[in-house]
Amino acid sequence: MTRDTGGPTFEEYAGVIWPSLYRSAYLLAGNHPDAEDVAQQTLVKVYRSWSQVMRSDSPEAYVRRMLTNTFLSARRAKKWRLELLTETPPEYDSAATPHAPEDRMVIWPHVKALPPRQRAVIVLRYYEDLNEQEIADALGCSRGNVKSTAHRALKALRAALGEERDGGMELR
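Predicted, not measured: the structure shown is a model, and the values here were computed from it.

> Before we move on, could you go through the overall build of the chain and cite the residues and values that matter?
The helix and strand inventory of the chain stands at 8 helices and 0 strands. Secondary structure elements of the chain occur, N-terminal to C-terminal, as α-α-α-α-α-α-α-α. Counting over 172 residues, the chain shows a buried share of 41%. A sequence separation of at least 24 residues applies to 57% of the contacts in the chain between residues at least 6 apart. Surface summary for the chain: the accessible area is close to 10200 Å², and the carbon and sulfur share equals 51%.

> Before we move on, can you summarise the environment of Val106 with the specific residues and values?
Relative to the helices and strands, Val106 is located in helix 5 (residues 103–112). On the basis of relative accessible area, Val106 is assigned to the buried category, the value being 14%. In sequence terms Val106 and Leu161 are 55 residues apart; their C-alpha atoms lie 9.6 Å from each other.

> Report on helix 8 (residues 143–161), specifying residues and quantitative values.
With 19 residues, helix 8 extends 26 Å from end C-alpha to end C-alpha; this agrees with the ideal 27 Å at 1.5 Å per step. Turning to helix 8, its buried residues are Val146, Thr149, Ala150, Ala153, Leu154, Leu157 and Arg158. Gly162 sits one or two residues past helix 8 and shows a positive phi near 75°.

> So, the nonpolar core: which residues are in play, and what are the values?
Counting residues in hydrophobic clusters, the biggest one holds 45 residues, and the most contacted among them are Val111, Ile122, Tyr127 and Leu139. Elements with a minimum of two residues in this core: helix 1 (10–29), helix 2 (32–48), helix 3 (50–55), helix 4 (59–77), helix 5, helix 6 (116–127), helix 7 (132–139) and helix 8. A per-element tally of this core places helix 1 first, with 11 residues.

> Go over the pattern of salt bridges with me, naming the residues and quoting the values.
Close approach of charged atoms allows side chains with opposite charge to pair. Under the criterion given, the structure shown has 4 salt bridges. If you follow the salt bridges from partner to partner, you end up with Glu132, Arg143 and Lys147 in one network.

> Which residues make up the side chain of Arg119, and what values do they have?
Position of Arg119 among the secondary structure elements: in helix 6. Among buried charged residues, Arg119 stands out as having no salt bridge; its nearest opposite-charge side chain is Asp34, 7.3 Å away. When neighbours within four sequence positions are excluded, Arg119 is seen to be in contact with Leu27, Leu28, Ala29, Gly30, Phe71, Val111, Lys112 and Leu114.

> Give me the packing of helix 6 against helix 7: which residues, what numbers.
Where helix 6 contacts helix 7, the two axes come as close as 10 Å, and the packing angle between them is 135°. As judged from the angle between their axes, helix 6 and helix 7 are oblique. In this structure, helix 6 crosses over helix 7, and the sense of that crossing is right-handed. Contact residues: Arg117, Ala120, Val121, Leu124 and Arg125 in helix 6; Ile135, Ala138 and Leu139 in helix 7. Looking at the contact of helix 6 with helix 7, its residues break down into 6 nonpolar, no polar and 2 charged.

Scoring rules and cut-offs
Residues numbered from 1 in each chain as written. Predicted model: local features only at pLDDT ≥ 70, side-chain atom pairs only at ≥ 80, totals over all residues. Heavy atoms only, no water. Helix = DSSP H or I, 4+ residues; strand = E, 2+ residues; numbered from the N terminus. Buried < 20%, exposed > 50% of the residue type's maximum accessible area, 1.4 Å probe, protein only. Contact = heavy atoms within 4.5 Å. Areas by Shrake-Rupley, 256 points an atom, 1.4 Å probe, with all protein chains shown as cover. Expected span 1.5 Å × (residues − 1). Core = buried A, V, L, I, M, F, W, Y, C linked by side-chain atoms within 4.5 Å. Salt bridge = Lys/Arg side-chain N within 4 Å of Asp/Glu carboxyl O. Lys, Arg positive; Asp, Glu negative; His and termini not counted. Axes fitted to C-alpha atoms, helices over the stretch in contact; angles between N-to-C directions. Parallel < 35°, antiparallel > 145°, perpendicular 65-115°, else oblique. Left-handed = near helix turned anticlockwise from the far one by under 90°. Nonpolar A, V, L, I, M, F, W, Y, C, P; charged D, E, K, R; others polar.

What follows is the structure in structure tokens.
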């Protein structure tokens, strides 16, 4: 494939974006097989819309939105599954205290239990370090919707962790 605009070819872009795309897909899906499916489906969509992706102001944000929508669409369509794929990340340490640097891994099982949209907001905010506007752009909703979804997700996480207040662990 030749370069028409001087930008990268799809193949070059896919090679560069794959690690971060897969990482985000894993955080959203919660297991490797589903993450591979979501990331691959997203790359197919990127390929089909390659000229639009490259014309966008931020191709990375455009692809992130495609990934998030692909994940949410897959969850919406399936009310049940024939099998439940689970996997504990190798970094998970159940003995870690909630105040240690491993906070994200301690709460990971609880994040995986959140509804897909709440999980997406938490992953994009706390694992991908996006701000509210970037999350709203990725999800195609308002900042207010992001705030209320985050509030409900954090409330559920606090309840799951048995915390009445955000006490030691900072869940903003």
